[in-house]
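Take a look at the letters that make up each chain.
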Amino acid sequence: MPRLSVNIDHVATVRQARRTWEPDPVEAAREAERGGADGITVHLREDRRHIQDEDVDRLRGAVAVPLHLEMAVTDEMVSIARRIRPATAMLVPEGRLEVTTEGGLDVVAHESRVRDAIAALADAGIPCSIFIDAELRQVEAAARVGARISEVHTGPYAHAVHAERGLGVQARAELARVQAAGEAIVAAGMSFNAGHALHYENVSHVAALPGLHELHIGHAIVSRAVIAGMRQAVAQMRAAMAGMRD
């Protein structure tokens, strides 16, 4: 069974809606760890829309499991990663107007810049992962620039499962593309990770792919936590109210 790294970005999204101190992503990370997470993933975006610099600083010493830092390929983010020293630096594309990451990093088009970033991170002892689409040319480029890990974008597969309400023709085709990319990643000597838009109903087929090392899942887990934990949260508030009256 592959490892599971839990992305806690959207805990911070809820917090930033009020620019307050709760819910605390660090406590969410600790709870994820207690629940069996093998790692914690955060994306420090250039516009700081959810995770903040302080969160990354606090997380680095707060969890025992590996901390994976998703980041754009910029000098600022490379500098932050070199200071924080996460377990892996995960290079992803980033757009200011996107709601979430919309596709893999085009390593072919930006090979020189990605190679330089990976070299600077490797100099600090930080292994690099690259988030790529399920395309063999991107796998080959990731290997050329020195990536240790390639994470395959599973969004097209997940969206096909949703549209077909199950593992239909298109979903099977997208799953096959992910598998082919994974096989190429392993053959190139890199670790094969996967993630994006995976949830409780579509994850099992991806988790069963041969050679898969780790899944990175966030939104579905945070969404389930909002619902599954509401009863306990309300009960605790009732108890707090009773305590205030005493």
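Our structure is the block above this text.
Quick summary incoming for the structure in this document. If you're wondering where the values come from, they're calculated on a predicted model, not measured in any experiment. For every chain, the first residue of the written sequence is number 1, and numbering continues from 1 onward in sequence order. Totals for whole chains, interfaces and linings use every residue, but because this is a predicted model, local features are given only for residues with pLDDT of at least 70 and side-chain atom pairs only at 80 or more, for both listing and counting. Heavy atoms from the whole structure form the basis of all side-chain values; hydrogens and water molecules are not counted.

Note that an α-helix has 3.6 residues per turn; residues three or four places apart therefore point the same way. For each residue, the accessible area found with a 1.4 Å probe, counting protein chains only, is set against the maximum for its type, and the residue is called buried under 20%, exposed over 50%, and partly exposed in between. The helix and strand labels rest on DSSP assignments: H or I over at least four residues marks a helix, E over at least two residues marks a strand, and numbering proceeds from the N terminus. Buried within helix α3 (residues 53-62) are the following residues: D55, V56, L59 and A62. Seen along its axis, α3 keeps its buried residues to an arc of 135°; they face one direction. Opposite the buried face of α3, by more than 90 degrees, sit the exposed residues E54 and G61. Summarising the contacts, the buried residues of α3 are in contact with α1 (9-16), α2 (25-34), β2 (39-43), β3 (67-71) and α4 (75-84). Taking the helix axis as origin, the arc is that swept by the directions to the C-beta atoms. Should any heavy atoms of two residues lie within 4.5 Å, those residues are counted as being in contact.

What follows concerns the side chain of D9. Of note, D9 is situated in helix α1. Counted as positive: Lys and Arg. Counted as negative: Asp and Glu, with His and the chain ends omitted from the count. Definition used for salt bridges: Asp or Glu carboxyl oxygen within 4 Å of a side-chain nitrogen of Lys or Arg. Among buried Asp, Glu, Lys and Arg side chains, D9 stands out as unpaired, with R45 the closest opposite charge at 6.1 Å. For D9, the contacting residues outside a window of four places in its chain are T41, V42, H43, H50 and I51.

Okay, the pairing of strand β1 (residues 3-7) next. Strand direction decides the pairing type here: β1 and strand β8 (residues 212-217), joined by four bridges, are parallel. Directly across from L4, in β8, lies its bridge partner L215. In this sheet, β2 lies alongside β1 in parallel orientation, the contact comprising three bridges. Pairing of S5 across the sheet is with G39, part of β2. In this scheme, strands are said to pair when DSSP sees at least two bridges between them.

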